[in-house]
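This is what each chain is made of:
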Amino acid sequence: MVKIEFAPINIPFNRRMQTAAVLYWVFTFLFLAQCCMGVYVLAVLSGYWHFAALYGLWLYLDWDTPQTGGRRCAWVRKWTIWRHFRDYFPIHLIKTSDLDPKNHYLFGFHPHGVLVAGAFGNFCTEYTGFQELFPGLTPYLHVLPFWFRFPFFREYAMSAGLVSCSKESVSHVLSQGAGVASVIVIGGAEESLEARPGSLTLQTLHRKGFIKLALKHGAHLVPVFSFGENEIFNQLENPEGSVVRNIQNRLRKIMGFALPLFHARGVFQYSFGVMPFRKPIYTIVGKPIVVEQNVSPTNEEVDKLHQRYLDELNGLFEEHKAQYGIPEQGHLVFK
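Now for a look at the structure at hand. (Residues numbered from 1 in each chain as written. Predicted model: local features only at pLDDT ≥ 70, side-chain atom pairs only at ≥ 80, totals over all residues. Heavy atoms only, no water.)

1. Digging into the overall build of the chain
On a plain count of helices and strands, the chain comes out with twelve helices and eleven strands. By the compact-globule yardstick of 20 Å for 335 residues, the chain fits well, its C-alpha radius of gyration being 20 Å. With the C-alpha coordinates of the chain rotated into their principal frame, the extents come out at 55 × 55 × 45 Å. By the burial criterion, 51% of the 335 residues in the chain qualify as buried. For the chain, the share of sequence-separated contacts (at least 6 apart) that also reach a separation of at least 24 residues comes to 79%. Carbon and sulfur atoms make up 62% of the accessible area of the chain, which totals about 16200 Å². (Helix = DSSP H or I, 4+ residues; strand = E, 2+ residues; numbered from the N terminus. Rg over C-alpha atoms; globule rule 2.2 N^0.38 Å. Buried < 20%, exposed > 50% of the residue type's maximum accessible area, 1.4 Å probe, protein only. Contact = heavy atoms within 4.5 Å. Areas by Shrake-Rupley, 256 points an atom, 1.4 Å probe, with all protein chains shown as cover.)

Structure follows, in structure tokens:
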């Protein structure tokens, strides 16, 4: 029999607010898009079909916006709920070097984790101090185009500063010139299947598209490592070659996104559920790698810059790992 550890009744109000904020975030990540689609279908089938038709026209006219910089809303990014979201873990953003706003940058974020909490908290809200640490820079977090196919949800996602991770979208952001930072979670959906406490595996060896884009636009590369990202959820064992992993990989290739079978704690108990653990996340922004523009890079030039990026990322991890609880024998594994 599984013993259930219930949360105490006399929890401070601020901690309850933090739990509510993270519950809302988990809901939006897992279910809000489907709910929005359901509302639209109901509108089509009910007496509100005129509204649905007008929104359908809007979708048609606005379809490319997630690939052309999105439509962020400062009000949404400053919702008080995001302050409680930050404090739940808590999430910390730490810089190691100034970033000149006269340049433009491509941030490589690692690891993906299960729900990329660190990337969202740091680059889609205004409560971890990005603007104070990097004045003059505007971050754009690139996510799967899949999310922008859902009516209503796409508007909400773009309001937080999310944009598509397509080549066209990244190119559009970087082509704006000085003062922008494209943030790409390099490991993508495949890496989320490796996300569990203690995992240091990164899907990077064959991820070179971002290197080509940085060269073509002359965008300085910035490695970012988020300590604690993999600690906030457990995941069902799915080693390479297992039935579970084979099914996950097949679904990922069909649908374009992964389905990690994660679990952690609940709202009123600590034994099971899809709420993340209260584990601190420290997102370290490394020093920029200066990139000279090269609109037609050769494979050798791409490979050379890619290796330098991996070396800088590994150096960033090794420099800070002891401070954030990684044992001396813990090293990044590039796959």
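2. Focus: the sheet that holds strand E3 (residues 138–143)
Taken in spatial order, the seven strands line up as E1-E10-E7-E2-E5-E3-E4 in an open sheet, and their pairing is mixed. Edge positions in the sheet fall to strand E1 (91–95) and strand E4 (162–164), since each has one partner strand and no second. This sheet shows a mean twist of 30° between the axes of neighbouring strands, independent of strand direction. Taken together, the five bridges between E1 and strand E10 (residues 281–285) define a ladder with parallel strand orientation. Bridge pairing links His92 to Tyr282 in E10. (Pairing = 2+ DSSP bridges. Axes fitted to C-alpha atoms, helices over the stretch in contact; angles between N-to-C directions.)

3. Section: the pairing of E3
Most of E3 is tucked away, with five of its six residues classed as buried. Across three bridges, E3 lies against E4 in parallel orientation. In the sheet register, Val143 faces E4, and the bridge partner there is Ser164.

4. Quick notes on the nonpolar core
Val22, Trp25, Phe85, Phe89, Phe107, Leu141 and Phe153 are the most contacted members of the largest nonpolar core, which totals 54 residues. When residues of this core are assigned to their parent elements, the largest contribution, seven residues, is made by helix H1 (residues 13–45). The contacts of Phe89, once residues within four sequence positions are left out, are Val22, Ala117, Ile232, Pro276, Phe277, Arg278, Lys279, Pro280 and Ile281. Counting residues in hydrophobic clusters, the runner-up holds 29 residues, among them Ile184, Leu202, Leu215 and Phe225. (Core = buried A, V, L, I, M, F, W, Y, C linked by side-chain atoms within 4.5 Å.)

5. So, the layout of surface pockets
Space inside the largest pocket adds up to approximately 1200 Å³. Mapped onto the lining of the largest pocket, the elements with two or more residues apiece are H1, helix H5 (117–123), E3, helix H7 (153–159), helix H8 (167–174), strand E5 (180–185), helix H9 (188–192) and helix H10 (209–217). Broken down by element, the residue count for the lining of the largest pocket peaks at six residues, all from H1. Of the residues that constitute the lining of the largest pocket, the class distribution is 33 nonpolar, eight polar and five charged. (1 Å grid on protein atoms, 1.4 Å probe; cavity = no way out; pocket = protein on both sides within 12 Å on 5 of 7 lines; lining within 4 Å. Points joined across faces, edges and corners; volume = space filled by probe spheres on them. Nonpolar A, V, L, I, M, F, W, Y, C, P; charged D, E, K, R; others polar.)

6. Some details on unusual backbone geometry
A cis amide bond links Phe89 to the next residue, Pro90, at an omega of -5°. One non-glycine residue, Val116, lies in the positive phi region at around 45°. Relative to the assigned elements, Val116 resides in the loop between strand E2 (105–110) and H5. Positive phi, normally seen in glycine, also occurs at Phe152, with a value near 70°. As for its position among the elements, Phe152 is in the loop between E3 and H7.

7. Details of the packing of aromatic side chains
The final tally for this structure, using the stated rule, is 33 aromatic pairs. Stacked on the ring of Tyr140, the Lys or Arg Arg72 has its end atom at 4.6 Å from the ring centre. (Phe/Tyr/Trp six-rings, centres within 6.5 Å; stacked < 30°, edge-to-face > 60°. Lys NZ or Arg CZ within 6 Å of the ring centre and 35° of its normal.)

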